[in-house]
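Spelled out from the first residue to the last, the chains are:
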Amino acid sequence: LETSGTGIEIRKFDIKDFALWKEMMQDMLIIRRQVQATLHSEKPTSMRIEEWRSIDEIARSTIRMHLAENVYFSMAKEKTTFKRWEKLQVVYEKESSSSKLILICKLFNMKMRETDSATSHTNTFRWVLSEFSSLGINFEEEVKALPLLSSISESWEVLCTTFTNSCLNLNL
């Protein structure tokens, strides 16, 4: 994670977690008053050309500094912030079957390590669910609980069993 003079810590985008990275990057660009470069392909009429070029250049640089090398090289030829932002969305915000399959594998193959805190593990789990949500896929609470319980480490097994047994009486 990097703090880019804004107080916002943001990691480099490396093809994982685009929805979260996009939100954080938009927040950074808003704070820096550069977000309009991602929203407009042309200079707003109320702005001087030099001011627009400066904002576009700084916003493009801000985005570039937060891209991992493998992502950067696929975006390098885009010469405006708008085009770079648009290409990132087209390439990484897909609702394709492969992105859904990757998320399903993440969800059902997730396993809490003995060294992980419960908070860290549930935050990772919530992140995976938010990625599904960004693709328009939402689960009922019961469906969310099952993979979470099955991902808990062995040292938490007694709690998991107790919870599962008590919920069976409530028709989980």
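To be clear, the structure that these remarks concern was listed above.
Residues numbered from 1 in each chain as written. Predicted model: local features only at pLDDT ≥ 70, side-chain atom pairs only at ≥ 80, totals over all residues. Heavy atoms only, no water.

A. Focus on the pattern of salt bridges. In the structure shown here, the tally under the stated rule is 5 salt bridges. Residue Glu78 pairs with Lys87 through a salt bridge whose shortest N-O separation is 3.9 Å. (Salt bridge = Lys/Arg side-chain N within 4 Å of Asp/Glu carboxyl O.)

B. Looking closely at helix α1 (residues 18-31). For α1, which comprises 14 residues, the first-to-last C-alpha distance of 20 Å matches the rise-based estimate of 20 Å (1.5 Å per residue) to within 8%. By the burial criterion, the buried members of α1 are Phe18, Trp21, Lys22, Met25, Met28 and Leu29. The buried residues of α1 occupy an angular sector of 125 degrees when projected down its axis, which confines them to one face. Buried residues belonging to α1 abut β2 (9-10), α2 (36-39), α3 (49-65), α5 (81-92) and α7 (118-134). Two residues or fewer after α1 comes Arg33, characterised by a positive phi angle close to 60 degrees. (Helix = DSSP H or I, 4+ residues; strand = E, 2+ residues; numbered from the N terminus. Expected span 1.5 Å × (residues − 1). Buried < 20%, exposed > 50% of the residue type's maximum accessible area, 1.4 Å probe, protein only. Arc of directions from axis to C-beta. Contact = heavy atoms within 4.5 Å.)

C. View of the environment of Phe18. Position of Phe18 among the secondary structure elements: in helix α1. Residues Phe18 and Gln89 lie 71 residues apart in sequence; the distance between their C-alpha atoms is 8.5 Å. Among all residues touching Phe18, those that are not within four sequence positions of it are Phe13, Leu88, Gln89, Tyr92, Glu93 and Glu131.

D. The environment of Met28, seen in detail. Here Met28 is to be found in helix α1. On the basis of relative accessible area, Met28 is assigned to the buried category, the value being 0%.

E. Up close: the nonpolar core. Ranked by internal contacts, the top residues of the largest apolar core, which has 19 residues, are Phe13, Trp21, Met25, Ile63, Leu67 and Leu88. Breaking this core down by element, the ones donating at least two residues are α1, α3, α4 (69-75) and α5. The leading source of residues in this core is α1, at 5 residues. Once residues lying within four places of it in the same chain are set aside, the contact partners of Met25 are Ile10, Thr62, Ile63, His66 and Trp85. (Core = buried A, V, L, I, M, F, W, Y, C linked by side-chain atoms within 4.5 Å.)

F. Quick look at the side chain of His121. With respect to the helices, strands and loops of the structure, His121 is situated in helix α7. Classification of His121 as buried rests on a relative accessible area of 4%.

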